[in-house]
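# Examination of the molecular architecture
What follows is each chain in one-letter form.
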Amino acid sequence: MAHVRLFKHYIHLPFVILGLIDLVVMGFAFGLAVFFRFFGEVGFFLEHLYFVLPSIITFALFNLLVMIALGVHQSRVEEGMSGMMLRTIMAMILAIPVHGFAYFIADDWLWYLGSFGLLTSATVLAIFSLGIVRVLFFALVGKEAFKRRVLVLGAGHRARQLLEDLTTPFNRKGFTLDGFVPLPDEPIEVGDQHLINLPTSLHDYVLRHPVREIVVAVDDRRRGLPMEDLLECKMEGVSIIDGANFYERESRKVALEMISHGWLVFSDGFSVSSVYGAGKRTLDILAAGTLLLATFPIMILTALAIKLEDGFKAPVIYSQERVGLNNKVFKVHKFRSMITDAEKNGAVWAKKNDTRVTRVGEFIRKVRIDELPQIFNVLNGTMAFVGPRPERPVFVAQLSEKIPFYSERHRVKPGLTGWAQLCFAYADNEEDTREKLRYDLYYIKNQSLLLDLLVIIQTVEVVLFKKGSR
């Protein structure tokens with residue numbers, strides 16, 4: 001398998017393995033630094049390993065946590081090894097004060113984290129070690145060690161969508177594509193170079209080629225599927241998966257054009273428990289409270305900057321109606337980033353290089369400071385910390401008529417941050433909104449505390465690298 005599923009969320013297996021390897025390498029690097037600085041003899045070091053081990057584990061875990069927050073492992077796909085290592089260096093530098101805080105809290109247990117010189121040498125050693133290990137790891141992964149060979153049954157519209165959306169370098173991580181097998185009388189929309197004309201049957205092809213998964217992506221199943229043939233493949237240990245589920249697993253979004261109300265009814269997910277509800281609310285309060293304490297001085301400075309630019313009579317906070325849980329309208333609060341009469345002619349989408357944005361507003365939008373007053377929406381329960389971005393009633397009415405399943409995003413509370421915000425840039429038109437809905441539906445379908453935690457952690461990357469801000 002090229003993916004593991006933890007609490008309903010798909011995680012690419014090589015990244016899980018790489019994260020565990022990173023954990024071991026960083027722990028080893030810290031242990032080696034302690035050995036040379038304080039011990040020097042193997043026997044002496046092993047006798048006192050019990051006292052060193054808590055610091056080793058904390059050093060490795062905290063570094064890994066900051067790496068996840070900065071999207072280090074995923075950056076290998078978009079930015080290459082150099083970009084990945086630059087983010088790693090930044091993450092480990094940012095983690096040094098975190099280690100210092102841990103030492104301050106539990107100095108007796110984490111005594112070795114109290115030495116700045118030791119932390120510096122361990123960090124440098126870890127960075128060099130990670131670079132070497134990752135080069136070796138990706139040399140192995142590059143040989144298709146973790147990828148499944150996939151065959152697609154169907155060559156019509158759904159199959160073409162899979163080909164277009166999932167064979168980009170960013171998405172095609174967990175599989176290699178053998179080709180598409182057209183069904184009789186099915187309109188063919190896939191290029192000839194991708195078609196496979198079976199001389200006999202699917203079963204014979206599977207016996208001759210190491211195919212591990214067959215994706216059923218036919219446009220009309222009423223025309224019939226080769227069920228006996230698929231059953232023979234199933235008995236050979238080949239996984240059979242629906243095209244929409246395959247798309248969801250590989251891209252971490254829902255294929256709007258491939259699903260129906262029936263798919264929503266019979267697919268797994270879209271289920272929450274009272275335990276999850278209580279846990280999510282607790283996480284909301286803890287995350288919002290922590291963010292409020294951490295950013296309160298920034299909020300004060302932002303208010304002063306807005307007053308200095310626009311005058312002391314100008315409003316600092318801008319309240320706006322948004323659609324929330326179960327289509328209920330509520331007031332969302334933001335720092336004002338536009339001129340006071342920005343919407344005198346009615347509501348319009350925010351655009352790139354929007355002339356209505358003030359100088360202070362341009363800056364606070366880029367670093368997401370304008371969103372901070374929404375912390376109070378989280379605390380009063382009208383919003384969650386993680387969820388779909390809340391939209392204005394006028395836009396919701398328009399989009400619900402044009403985009404299928406758009407109203408389903410109001411089955412959960414809107415969020416200060418969310419899966420769609422992490423995975424896609426700012427939406428300022430209908431097509432972008434359609435794409436973000438694919439991610440929102442994935443979150444609603446697979447929501448869990450693990451996914452919420454991942455979103456919260458990786459939101460740090462959005463803020464630091466200005467992804468999706470406008």
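Above: the structure in question.
First, a word on what this report is: a plain description of the structure on this page. This one's a predicted model, so the numbers in the text were calculated from it and none came from an experiment. (Residues numbered from 1 in each chain as written. Predicted model: local features only at pLDDT ≥ 70, side-chain atom pairs only at ≥ 80, totals over all residues. Heavy atoms only, no water.)

## Quick word on the overall build of the protein
Put simply, the rule is: A run of H or I in DSSP counts as a helix once it spans at least four residues, and a run of E counts as a strand once it spans at least two, with each numbered from the N terminus. Should any heavy atoms of two residues lie within 4.5 Å, those residues are considered in contact. Where accessible areas are quoted, they stem from the Shrake-Rupley method and a 1.4 Å probe; at the residue level, only the protein chains shown are allowed to cover.
Counting its regular elements, the protein contains 17 helices and 10 strands. Sequence-distant contacts, at least 24 apart, represent 75% of the contacts inside the protein between residues at least 6 apart. When the accessible surface of the protein is split by element, carbon and sulfur atoms take 64% of a total near 23100 Å².

## Overview of the side chain of Gln 421
On the secondary structure map, Gln 421 appears in helix α15 (residues 419-423). In this structure, Gln 421 is in contact with Gly 387, Arg 389, Gly 415, Leu 416, Lys 436 and Val 462, ignoring residues within four places of it in sequence.

## A closer look at the environment of Lys 234
With respect to the secondary-structure elements, Lys 234 resides in helix α8 (residues 227-235). The sequence separation of Lys 234 and His 203 amounts to 31 residues, and the corresponding C-alpha distance is 9.1 Å.

## What about unusual backbone geometry?
The criterion, for reference: The rule is simple: take the accessible area with a 1.4 Å probe, protein chains only, and divide by the maximum for that residue type; under 20% is buried, over 50% is exposed, in between is partly exposed.
Located in the positive-phi region is Arg 252, a residue other than glycine, with phi close to 60°. With respect to the helices, strands and loops of the structure, Arg 252 is situated in the loop between α9 (243-251) and α10 (261-266). For Arg 252, a relative accessible area of 12% corresponds to the buried category.

## Section: the environment of Ser 115
Here is the rule: The term polar contact refers here to a pair of N or O atoms within 3.5 Å; inside protein, the definition further demands a hydrogen-donor-capable atom paired with an acceptor-capable atom, and it admits residues adjacent in sequence only when both atoms are side-chain atoms.
Summarising the element assignment, Ser 115 is placed in the loop between α4 (75-105) and α5 (116-141). Given a relative accessible area of 17%, Ser 115 falls into the buried group. Along the chain, Ser 115 and Gly 100 lie 15 residues apart, while their C-alpha atoms are 8.6 Å from each other. For Ser 115, the side chain forms a polar contact with the main-chain nitrogen of Leu 118, separated by 3.2 Å.

## Description of the sheet that holds strand β4 (residues 175-181)
Test applied: Strand pairing requires that DSSP identify at least two bridges connecting the strands. To define axes, lines are fitted to C-alpha atoms, for helices over the stretch in contact only, and angles between the resulting N-to-C directions are given on a 0 to 180 degree scale.
Spatially, the four strands line up as an open sheet ordered β4-β3-β5-β6, and their pairing is parallel. Two strands close off the open sheet at either side, each with one partner strand: β4 and β6 (239-242). The average undirected angle you get between the axes of adjacent strands in this sheet is 25°. Here strand β3 (residues 148-153) runs beside strand β5 (residues 213-216); their pairing, made up of four bridges, is parallel. Opposite Leu 151, over in β5, you have Ile 214 as the bridge partner. The strands touched by helix α6 (residues 157-166) within the sheet are β3, β4 and β5, with β4 carrying the most contacts at an inclination of about 155°. Relative to β6, α9 is tilted by about 95°, and along the sheet it contacts β3, β4, β5 and β6.

## Looking at the packing of helix α11 (residues 274-310) against helix α12 (residues 359-366)
Note the following rule: Here is the rule for angles: anything less than 35 degrees is roughly parallel, anything more than 145 is roughly antiparallel, 65 through 115 is roughly perpendicular, and the remaining ranges are oblique.
Running from N to C, α11 and α12 cross one another at 155°; their axes reach a closest spacing of 9 Å. Considering the angle they form, α11 stands roughly antiparallel to α12. Note on element contacts: α12 touches α11 through Arg 359, Val 360 and Ile 364, opposite Thr 302, Ala 305, Ile 306 and Glu 309.

## Regarding the packing of aromatic side chains
For the record, the criterion: Each aromatic pair joins two rings of Phe, Tyr and Trp (for Trp, the six-membered one) with centres within 6.5 Å, and gets the label stacked for planes under 30 degrees apart, edge-to-face for over 60, and tilted for any other angle.
Under the criterion given, the structure shown has 10 aromatic pairs. Ring geometry for Phe 35 versus Phe 36: centroids 5.1 Å apart, planes at 75°, classification edge-to-face. Ring geometry for Tyr 50 versus Phe 51: centroids 5.5 Å apart, planes at 80°, classification edge-to-face. Overall, the relative accessible area of 58% leaves Tyr 50 in the exposed class. Relative accessible area serves as the criterion here: at 52%, Phe 51 is assigned to the exposed category.

## Examining the pattern of salt bridges
Put simply, the rule reads: Salt bridges are defined by distance alone: a side-chain nitrogen of Lys or Arg within 4 Å of a carboxyl oxygen of Asp or Glu.
Inspection of every chain in the model, using the stated rule, returns 24 salt bridges. Where Arg 149 meets Asp 178, a salt bridge forms, and the shortest distance between an N and an O atom there is 2.8 Å. On the criterion of sequence distance, the pair formed by Arg 149 in strand β3 and Asp 178 in strand β4 is long-range, its members being 29 residues apart. Using a relative accessible area of 26% as the deciding quantity, one classes Arg 149 as partly exposed. For Asp 178, a relative accessible area of 22% puts it in the partly exposed group. Asp 440 is paired through a salt bridge with Arg 409; the nearest N and O atoms lie 3.1 Å apart.

## A short note on a nonpolar patch on the surface
We count it as follows: Note on patches: the residues involved have over 30% relative accessible area and no salt bridge, like charges join within 9 Å, and the nonpolar side chains Val, Leu, Ile, Met, Phe, Trp and Tyr join within 5 Å.
On the surface, Phe 296, Ile 300, Leu 301 and Leu 304 cluster together into a nonpolar patch covering about 390 Å² of accessible area. Along the polypeptide, Ile 300 turns up in helix α11.

## Things to note about α6
Looking only at α6, the buried set comprises Ala 159, Gln 161, Leu 162, Leu 163 and Leu 166. Those residues of α6 that are buried lie in contact with β3, β4, β5 and α9.

## Points about the pairing of strand β7 (residues 317-323)
Every regular strand shows the same layout, with side chains that alternate between the two sheet faces. With seven bridges joining them, β7 and strand β8 (residues 329-335) adopt antiparallel strand pairing. Considered in β8, the bridge of Glu 321 is made with Lys 331. From the end of β7 to the start of β8, which pair antiparallel, there are five residues, and Asn 326 there has a positive phi angle of about 55°.

## Here we look at helix α1 (residues 13-39)
The test is simple: For a helix, the expected span equals 1.5 Å multiplied by the residue count minus one.
With 27 residues, α1 extends 38 Å from end C-alpha to end C-alpha; this agrees with the ideal 39 Å at 1.5 Å per step. Just downstream of α1, Gly 40 is the residue with a positive phi angle, here 95°.

## Here we look at the pairing of β4
Buried residues dominate β4, accounting for five of its seven residues. With six bridges joining them, β3 and β4 adopt parallel strand pairing. Bridge pairing in β4 links Arg 149 to Thr 176.

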